[in-house]
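Each chain, letter by letter, is given below.
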Amino acid sequence: MSRILTRRNFLIGSTLGISATALTGCDLLDQNAGIAEVLKSAERLTMTGQRLLQGRNALAREFAETDISPSFRVNGTSAPDSEEYAALSEAKFANWRLKVEGLVERPQELSLADLKTLPARTQITRHDCVEGWSAIGKWTGVPLANVLALSGLKSTARYLVFHCADELQKTLDGSGRYYESIDLVDAFHPQTMLAYQMNGQDLSVGHGAPLRLRVERQLGYKQAKYLMRIEAVDSFAGLWGGNGGYWEDRGYEWYAGI
Ligand SMILES: Nc1nc2c(c(=O)[nH]1)N[C@H]1C(S)=C(S)[C@@H](COP(=O)(O)O)O[C@H]1N2
Ligand SMILES: [Mo]
């Protein structure tokens, strides 16, 4: 995943006048804390800049049916490797429930059928992975705002954390479990949805069955598959590596704006 990431950091670095040699050839993990700090503030600048330029609710480009890619790669986990997930999948996810908890007024446990009764949205968008591939797909699901309307949010909530079923890296402490987070601007963005269909079919296991996040103004790794639990928090500092996501804990930017 390092090629484009390095280029992104290089661009941010050159904007800030950091020497290119400090930033190329390795990713953030290898760099000293000083540079990591500068990049973190650069990331905040990027996020603020992008939102100022495009507006908080600017839409990601939407495409036509004829633009849909004939093949859309499966990336990262292709099937969560747990007995619990196997049993859920075997029963066609009839027993799966999405928990919505943390700093919410009314914790929820929603079945797929519950989610499908909420007003839905369909959008055809381009998915961009930092590994350097893109694909256009059609997503149908429930706007996250509609689910948050059910649960409410406490006034202290600042981020939503998406906990997934898969461990991308097997570890004893569970720190290899996939997770992601977004702030409330993206949570209430009209294209941010919990998708249960791709290209008109129920989501396949490869693409994240039964439910995945689509947060269209950000890169592929934010599009968390195999959702199990959404947690509203005031900080993700105490969670695993403290950086708000599986890849973020391994050096990638938290705000992966495109
Ligand atoms: N739970 C989970 N979500 C995930 C991943 C993963 O490994 N596990 N990979 C991410 C990455 S890097 C990309 S590019 C996309 C790939 O989605 P796809 O398999 O539908 O193409 O999912 C993202 N969400
Ligand atoms: Mo990706």
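K.L.:
Could you clarify how one ought to interpret the overall build of the protein in this entry?
P.N.:
Across its full length, the protein carries seven helices and ten strands. Carbon and sulfur atoms form 52% of the exposed surface of the protein, whose accessible area is close to 12000 Å².

K.L.:
Can you help me understand the site of ligand 1 in this one?
P.N.:
Neighbouring ligand 1 are 22 residues; Arg73, Asp166, His207, Arg212 and Lys225 lie closest to it. Between ligand 1 and threonine 77, the relevant distance is 2.9 Å, taken from an oxygen atom to a main-chain nitrogen or oxygen of the residue. Protein chains bury 99% of the 530 Å² of accessible surface belonging to ligand 1 in isolation. Of all the elements in the fold, those that place two or more residues in the shell around ligand 1 are strand 3 (121-129) and strand 5 (159-167).

K.L.:
What exactly am I supposed to notice about the packing of aromatic side chains here?
P.N.:
Two numbers describe a pair of aromatic rings. These are the distance of the centres and the angle of the planes. Enumeration according to the criterion identifies eleven aromatic pairs in this entry. Between the aromatic rings of phenylalanine 72 and tryptophan 133, the centroid separation amounts to 6.1 Å while the plane-to-plane angle is 85 degrees, which identifies the pairing as edge-to-face. Taken together, the residues phenylalanine 72 in the loop between helix 3 (33-54) and helix 4 (83-90) and tryptophan 133 in strand 4 (residues 133-143) connect sequence positions 61 residues apart. Residues phenylalanine 72 and tryptophan 133 agree in their burial class; the two are buried. Taken together, a centroid distance of 5.4 Å and an interplanar angle of 15 degrees make the contact between tyrosine 178 and tyrosine 246 stacked. Of this pair, tyrosine 178 sits in strand 6 (residues 177-183) while tyrosine 246 sits in the segment after strand 10 (227-233), placing them 68 residues apart in sequence.

K.L.:
How should I be thinking about the side chain of histidine 189 in this particular structure?
P.N.:
Assignment of secondary structure puts histidine 189 in the loop between helix 7 (184-187) and strand 7 (193-198). A distance of 2.7 Å separates a polar side-chain atom of histidine 189 from the backbone oxygen of alanine 58. Among residues more than four places away in sequence, those in contact with histidine 189 are Arg56, Asn57, Ala58, Leu59 and Arg217.

K.L.:
Where do I start with the nonpolar core in this structure?
P.N.:
Most often, soluble globular proteins have nonpolar side chains that are buried together. Trp96, Leu144, Leu160, Phe162, Leu194 and Leu227 are the most contacted members of the largest nonpolar core, which totals 51 residues. Examining the composition of this core, we find that five residues originate from one element, strand 7, more than from any other. Those residues in contact with leucine 144 that sit more than four places away from it in its chain are Leu160, Phe162, Ile182, Ala187, Thr192, Met193, Leu194 and Ile230. Counting residues in each nonpolar core, the second largest holds nine residues, with Met47, Tyr179, Leu239 and Tyr255 among its members.

K.L.:
Looking at this structure, I do not really get the side chain of serine 69. What am I missing?
P.N.:
Tracing the chain through its elements places serine 69 in the loop between helix 3 and helix 4. Given the relative accessible area of 17%, serine 69 is considered buried. Ignoring any residue separated from it by four or fewer positions in sequence, one finds serine 69 in contact with Ala135 and Ile136.

K.L.:
Explanation requested: the pairing of strand 4 in the structure shown.
P.N.:
As a general feature of sheets, a regular strand has side chains that alternate between the two faces. Burial of strand 4 is extensive: ten of the eleven residues sit out of reach of the surface. Hairpin remark: strand 3 followed by strand 4, antiparallel, with three residues in the connecting loop; positive phi at glycine 132, about 105 degrees. With five bridges joining them, strand 4 and strand 7 adopt antiparallel strand pairing. When the bridges of strand 7 are listed, valine 142 appears paired with leucine 194.

K.L.:
Looking at this structure, I do not really get unusual backbone geometry. What am I missing?
P.N.:
Residues other than glycine predominantly adopt negative phi, and peptide bonds predominantly adopt the trans conformation. With an omega of 0 degrees, the peptide bond running from alanine 209 to proline 210 counts as cis. Here proline 210 shows up in the loop between strand 8 (201-202) and strand 9 (212-214). Positive phi, normally seen in glycine, also occurs at tyrosine 226, with a value near 55 degrees. With respect to the helices, strands and loops of the structure, tyrosine 226 is situated in the loop between strand 9 and strand 10. With phi around 45 degrees, tryptophan 240 is a residue other than glycine that occupies positive phi space. Its location among the elements puts tryptophan 240 in the segment after strand 10.

K.L.:
Where do I start with the sheet that holds strand 5 in this structure?
P.N.:
The pairing of strands in a sheet comes from backbone hydrogen bonds and takes either a parallel or an antiparallel form. Taken in spatial order, the five strands line up as 2-1-10-5-6 in an open sheet, and their pairing is mixed. Single-partner strands in this sheet number two, and they are strand 2 (108-110) and strand 6. Pairwise comparison of adjacent strand axes, ignoring direction, gives a mean angle of 20 degrees for this sheet. In the sheet, strand 1 (residues 98-102) pairs with strand 10 via four bridges, with the strands oriented parallel. Residue pairing for strand 10: glutamate 101 is matched across the bridge by glutamate 231. Across the sheet, helix 6 (residues 144-151) lies against strand 1, strand 2, strand 5, strand 6 and strand 10, angled at about 135 degrees from strand 2, the strand it touches most.

Quick notes on the rules
- Residues numbered from 1 in each chain as written.
- Chains lettered and ligands numbered in written order.
- Predicted model: local features only at pLDDT ≥ 70, side-chain atom pairs only at ≥ 80, totals over all residues.
- Heavy atoms only, no water.
- Helix = DSSP H or I, 4+ residues; strand = E, 2+ residues; numbered from the N terminus.
- Areas by Shrake-Rupley, 256 points an atom, 1.4 Å probe, with all protein chains shown as cover.
- Near = heavy atom within 4 Å.
- Polar contact = N/O pair within 3.5 Å; in protein donor to acceptor, adjacent residues only side chain to side chain.
- Phe/Tyr/Trp six-rings, centres within 6.5 Å; stacked < 30°, edge-to-face > 60°.
- Buried < 20%, exposed > 50% of the residue type's maximum accessible area, 1.4 Å probe, protein only.
- Contact = heavy atoms within 4.5 Å.
- Core = buried A, V, L, I, M, F, W, Y, C linked by side-chain atoms within 4.5 Å.
- Pairing = 2+ DSSP bridges.
- Axes fitted to C-alpha atoms, helices over the stretch in contact; angles between N-to-C directions.

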